[in-house]
Amino acid sequence: MVLLVVGLMTSAMASRAIADGGKVQWSGIVDGRRYTVFTSPTPLQPGMVDISVLIQNESDGRVMRDATLSVRCQDRQSERVVEGRASQANSTNRLLQSAKLDLPVAGQWEIEICDLGAKPSSGPLVSFVVMVADQRFSIPWTAALVTAPLWFIAIYLLRERIRR
């Protein structure tokens, strides 16, 4: 029973964990390199998000680690901007460069990935729009989902006791 409760609590917390990787939001080739951008959590929600970038050589698929990237997120409704630098230091996966950013509100956000080593006039390498969903946290529903297995166990134990 203890293992069941611990498993339920762990799985509930794991859905809110932020880790490298996540959902592929954009992938394409720019200047001979393939950029793949991942975001987590899935779905994106207001709060801390992880934006990770994998850069590969187009010809042989070798991972490129020499780029210095910045990540810029702009809310399309309020024009609010959140920026950060993507680095391997922010990443637990050595293949990715990650930026941890705090997106304060739900809505459509435009994400731009720029190479800080490129010419200033070159513009962003990658630009795409993501939807950040409202957080839908309901205490009664969460309590019902967490305690439902315990009710089934209690009913089973009660039934076994009555049978004896």
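Just above, that's the structure.
This section reports on the structure supplied with the text. Since this is a predicted model, take the numbers as computed values, not measurements.

## Focus: the overall build of the chain
Moving on, step 1. Along the backbone of the chain there are two helices and eight strands.
Moving on, step 2. Its helices and strands in sequence order give the chain the pattern α-β-β-β-β-β-β-β-β-α, from N to C terminus.
Moving on, step 3. Evaluated residue by residue, the chain yields a buried proportion of 32% over its 164 residues.
Moving on, step 4. Summing over all exposed atoms, the chain offers an accessible surface of approximately 10600 Å²; the carbon and sulfur share of this is 58%.

## Focus: the nonpolar core
Moving on, step 1. Core analysis: the biggest nonpolar cluster contains 26 residues, and I51, L69, V71, C73, L101, I111 and I113 have the highest contact counts within it.
Moving on, step 2. Where this core is concerned, the elements lending two or more residues are β2 (33–40), β3 (47–57), β4 (69–75), β5 (81–86), β6 (97–103), β7 (107–115) and β8 (126–132).
Moving on, step 3. When neighbours within four sequence positions are excluded, I111 is seen to be in contact with I51, V71, R72, C73, V126, S127, F128 and V130.

## Overview of the side chain of D75
Moving on, step 1. Within the secondary structure, D75 sits in strand β4.
Moving on, step 2. R80 provides the closest opposite charge to the buried, unpaired D75, separated from it by 5.6 Å.
Moving on, step 3. A distance of 2.8 Å separates a polar atom in the side chain of D75 from a polar atom in the side chain of S78.
Moving on, step 4. Sequence-distant contacts of D75, that is, excluding residues within four places in its chain, are made with R80, V105, Q108 and W109.

## What about the sheet that holds β7?
Moving on, step 1. Here four strands make up an open sheet; going across it, the order is β5-β4-β7-β8 and the pairing antiparallel. A strand with exactly one partner marks an edge of an open sheet, and here the two such strands are β5 and β8. The sheet shows a mean angle of 20 degrees between the axes of neighbouring strands, direction not considered.

## Section: the pairing of β6
Moving on, step 1. The buried fraction of β6 amounts to five of the seven residues, a majority that puts the element mostly inside the structure.
Moving on, step 2. Examined bridge by bridge, β3 and β6 share seven bridges and lie antiparallel to one another. If you follow S52 over to β6, its bridge partner there is S98.

## What about the sheet that holds β3?
Hydrogen bonds along the backbone pair up the strands of a sheet, which may run parallel or antiparallel.
Moving on, step 1. The strand order across the open sheet formed by four strands is β1-β2-β3-β6, and the pairing between neighbours is antiparallel. Each having just a single partner strand, β1 (23–30) and β6 make up the two edges of the open sheet. Sheet twist, expressed as the mean angle between neighbouring strand axes with direction ignored, is 20 degrees.

## Focus: the pairing of β7
Moving on, step 1. Where β4 and β7 come together, seven bridges link them in antiparallel fashion. Residue pairing across strands places L69 opposite D115, the latter belonging to β7.
Moving on, step 2. Taken together, the seven bridges between β7 and β8 define a ladder with antiparallel strand orientation. Note on β8: the bridge partner recorded for E112 is S127.

Rules used in this analysis
Residues numbered from 1 in each chain as written. Predicted model: local features only at pLDDT ≥ 70, side-chain atom pairs only at ≥ 80, totals over all residues. Heavy atoms only, no water. Helix = DSSP H or I, 4+ residues; strand = E, 2+ residues; numbered from the N terminus. Buried < 20%, exposed > 50% of the residue type's maximum accessible area, 1.4 Å probe, protein only. Areas by Shrake-Rupley, 256 points an atom, 1.4 Å probe, with all protein chains shown as cover. Core = buried A, V, L, I, M, F, W, Y, C linked by side-chain atoms within 4.5 Å. Contact = heavy atoms within 4.5 Å. Lys, Arg positive; Asp, Glu negative; His and termini not counted. Salt bridge = Lys/Arg side-chain N within 4 Å of Asp/Glu carboxyl O. Polar contact = N/O pair within 3.5 Å; in protein donor to acceptor, adjacent residues only side chain to side chain. Pairing = 2+ DSSP bridges. Axes fitted to C-alpha atoms, helices over the stretch in contact; angles between N-to-C directions.

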